[in-house]
Protein chains: 2
Amino acid sequence: MTATTVTRPRVLIVGCGFGGLEAAKAFRRADVDVTVVDRTNHHLFQPLLYQVASAALTAPAIAAPVRHILRKQANVTTLLGEVKTIDVAARQALLVDGAALPYDHLIVAAGAVTSYFGRDEWAQHAPGLKTLQDAFEIRRRVLMAFEHAEREADPDARAAWLTFVVIGGGPTGVEMAGTLAEIAKRTLPGEFRHIRPEEARVLLVEGGDRVLGMMPAKLGESAGAQLRALGVELQLNSRVTAIDATGVAISVAGESEPRRIATQCVIWGAGVAGAPLGAKLAQAAGIALARGGRVPVEPDLSVAGHPEISVIGDLAQAMSHAPGTEPQPVPGVSPAAKQMGRAAATNILRRIRAEATQPFRYRDYGTLATIGRNSAVVDLASPLGPIRFSGKLAWLFWLFAHIYFLIDFRAKAVVLFDWATAYWTEQRYARVVAEATRD
Amino acid sequence: MTATTVTRPRVLIVGCGFGGLEAAKAFRRADVDVTVVDRTNHHLFQPLLYQVASAALTAPAIAAPVRHILRKQANVTTLLGEVKTIDVAARQALLVDGAALPYDHLIVAAGAVTSYFGRDEWAQHAPGLKTLQDAFEIRRRVLMAFEHAEREADPDARAAWLTFVVIGGGPTGVEMAGTLAEIAKRTLPGEFRHIRPEEARVLLVEGGDRVLGMMPAKLGESAGAQLRALGVELQLNSRVTAIDATGVAISVAGESEPRRIATQCVIWGAGVAGAPLGAKLAQAAGIALARGGRVPVEPDLSVAGHPEISVIGDLAQAMSHAPGTEPQPVPGVSPAAKQMGRAAATNILRRIRAEATQPFRYRDYGTLATIGRNSAVVDLASPLGPIRFSGKLAWLFWLFAHIYFLIDFRAKAVVLFDWATAYWTEQRYARVVAEATRD
């Protein structure tokens, strides 16, 4: 017998969010060498990131090291690194530190970043919520605002510290506004001597005429009513025109003058765009970038002219191809990213076997959004038509669904324990700001 | 009936570590107005800080908001702020942001900071372990070292990434060295493809001829043997002469040339000094600062010439006054800080009642140090003489003692759960680095 070196196909996966992780797992039994490269050392369960920002959960409850998750999959190598660009001709990814990672098949799952629609100067005043660092920064700003208010003698300045403005009425904005109202009205009362935290104002600014515009009208209106019951002021039909160190200006439909809101804490939930790597990939591959910095993909999730490159998740502008219907845009939600991850991996394995690839089909099982304690909306797809409900039952459904999808058993137990104690005590366990005072 | 305004004595407590918190609680039933001011928003259970640094515990498990702990004590106001100096003549503390906090009685419990004995340029290469930020920085450096090693092709550079040097064989150094060896040999194996984490070297550099010099020789030797069993290399009779970006130089007793150790991760456990506020207070009060930046105090813990000012905890150079024996120096440990907090508060109440103050007496109940899983040393004081033991029983004793002293029931439950799962799985739950790659 003569030993011969057989080179197995090299699959490179850039990014280990929901899409990248699912793709890596889909190669579990495949005869390929998989390399996963990510800018951070952890997979993040983003749907619960707002709970880290609002001090209800600790970071490790919703984040686990990528290499730990994939440790038993022998054909996977996990690397920490940031991909700067793709050398499409040489088939390699170039890292910011100069290293090159060659590939035969590439899956780009670099996700989305907070977008200020060209107003990048707003970023310093209104952090978004995409990374753990974002969550820590929001947690710091929220908790420090109450601390500053406690020490502030001037009533106007104190009121500004106690005014919280959330921009954007999508799921992130709704969750943040609801949780901020709960912090002010349920967690902090009784702990201050010079302010009444329950008098804090929480405003949710939304351009449309209701929150959760992607959900059916009735559920969006229910969510709005539930927010109001928590004490959130809904500022609908309103667009932000300025954000600076002292507050925000909003233009309300039907009013000629913009309104000015004095605040020291603004949270941005109004928009995301594809990660910058998407633009570089599109340029290298000679295709035009789609709206929102997304990369348009073929029905099988590959890039036009480059069957060896797939783009998935929030970075992809993909269409769902169900038999007998018109292609529909795939939404930027985690179940879609996971389904794309599996589909891209399966198509790569088909290519390796010289089989035809299959068009991607998104299966929508429904949408959930939570507003606060005992408060959520659920819109489930079923063969018998949509199932929609809201309130406490929806909240319980949301709660167990999120625990179910958490990455491992330990995190499930930890989050369940944290939520149970938070429910009974109305306290928030993670009210810790690591930094000392800044001056 | 005519309402008259009675001004209650104002007690200001600077710092909310073990000493400051215990002092605040000691005024629970007293007719005084207490203000607690701290640079951070949390009380930190420092004895377990190394477990945050080593990814075994999350920060909120060992830190709780000061204002939450003291919320039910109506005579306490908690403020976030950093005291810059004390205006002894005007009886007020001046904050870095310009505010002034007046007092009738002052307790300074500002604690200690990492000290490099005049070699402050070492700080950037060898973080100490006094704050949550320190712990996160050490966690980041340790976990990133393995990530860099995995991507490093050059064997020498790779070996440097896999070499960890802990400076100082006191409790902090022993705990860090033991826990680093466990991370390398038990937590990480099987998760990398290009390195074997279990081949990492952990060196503990100590100037004396054994570790835990403050404990009886037999226990120190036992701790050394337990460290060796974990795979730690003890570098005794050795002093650090240089630390830079590529490694450390150590001078070993009996050797003419210093040895050079190539490493990318150095942890400083060799020394602390009183917080800088101590020097400013000493200057303002017209007294000389003691060794290690500590403020010498009278037998009743007040500052000479200023009976209205007490200094407690790690910032104080205090003596214990037991009847019939010579005064003994009080060690810089948390039970001593707590006892001083109670004593200073009691003496202030005596002064308010125009009674004589009492000299401080430190009651030493013993010393514990842990080395790793199933591995610790215990030295208890008892009326029948010292009780000393080591190994698994000592470790269980250490474990339950630390859970017992944790600040609240929730933290006790969380830490117990975290330790139980860590014990069975040998995993570390908090292996999350919030930051993306740095370049």
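Remember, it's a predicted structure, so these values are computed and weren't measured experimentally. (Residues numbered from 1 in each chain as written. Chains lettered and ligands numbered in written order. Predicted model: local features only at pLDDT ≥ 70, side-chain atom pairs only at ≥ 80, totals over all residues. Heavy atoms only, no water.)

J.: Kindly report on the overall build of chain A, identifying the contributing residues and their values.
T.: Looking only at helices and strands, chain A has 12 helices and 27 strands in total. Its C-alpha radius of gyration of 23 Å places chain A within 12% of the 22 Å reference for a compact globule of 439 residues. Its C-alpha atoms give chain A principal-axis dimensions of about 85 × 50 × 40 Å. Across the 439 residues of chain A, 55% fall into the buried class. When contacts within chain A are restricted to residue pairs at least 6 apart in sequence, long-range pairs at least 24 apart make up 61% of them. Working note: accessible area of chain A is about 18700 Å², and carbon and sulfur atoms make up 54% of it. (Helix = DSSP H or I, 4+ residues; strand = E, 2+ residues; numbered from the N terminus. Rg over C-alpha atoms; globule rule 2.2 N^0.38 Å. Buried < 20%, exposed > 50% of the residue type's maximum accessible area, 1.4 Å probe, protein only. Contact = heavy atoms within 4.5 Å. Areas by Shrake-Rupley, 256 points an atom, 1.4 Å probe, with all protein chains shown as cover.)

J.: Go over the relation of the copies chain A and chain B with me, naming the residues and quoting the values.
T.: At an RMSD of 0.0 Å, chain A and chain B line up after a rotation of 180° and a shift of 0.0 Å along the axis. What the superposition gives is, in effect, a two-fold axis relating one chain to the other. Relative to the rotation axis, the closest C-alpha in chain A is found at A:T58, a distance of 3.5 Å. (Least-squares fit on C-alpha atoms with pLDDT ≥ 70 in both.)

J.: Outline unusual backbone geometry, supporting the account with residue identities and numerical values.
T.: Excluding glycine, residues mostly have negative phi values, and the peptide bonds linking residues are mostly trans. Residues and elements named next belong to chain A. The phi dihedral of N237 is positive, around 50°, even though this residue is not glycine. Relative accessible area serves as the criterion here: at 35%, N237 is assigned to the partly exposed category. A positive phi angle, near 60°, is found at A354, a position not held by glycine.

J.: Account for the pairing of strand β21 (residues 306–311) of chain B, naming residues and giving values.
T.: All names here are of chain B. Buried residues dominate β21, accounting for 5 of its 6 residues. Relative to β21, strand β9 (residues 105–108) is paired through 3 bridges, and the arrangement is parallel. Residue pairing in the sheet places I107 in a bridge with S310 of β21. Where strand β20 (residues 302–303) lies against β21, 2 bridges are found, and the strand directions are antiparallel. Paired with S302 across the strands is S310, a residue of β21. Where β20 folds back on β21, the antiparallel hairpin that results is connected by 2 residues, among which G305 adopts a positive phi of roughly 85°. (Pairing = 2+ DSSP bridges.)

J.: Please give an account of a nonpolar patch on the surface that cites residues and values.
T.: A cluster of nonpolar side chains, contributed by A:L396, A:F400 and A:L416, occupies part of the molecular surface with about 260 Å² of accessible area. A:F400 gets classed as partly exposed once you look at its relative accessible area, which sits at 47%. (Patch = residues over 30% accessible without salt bridge, like charges linked within 9 Å, V, L, I, M, F, W, Y side chains within 5 Å. Salt bridge = Lys/Arg side-chain N within 4 Å of Asp/Glu carboxyl O.)

J.: Can you explain the environment of A:A153? Please cite residues and give values.
T.: Here A:A153 lies in the loop between α5 (132–151) and α6 (155–161). For the pair A:A153 and A:H194, spaced 41 residues apart in sequence, the C-alpha to C-alpha distance is 8.9 Å.

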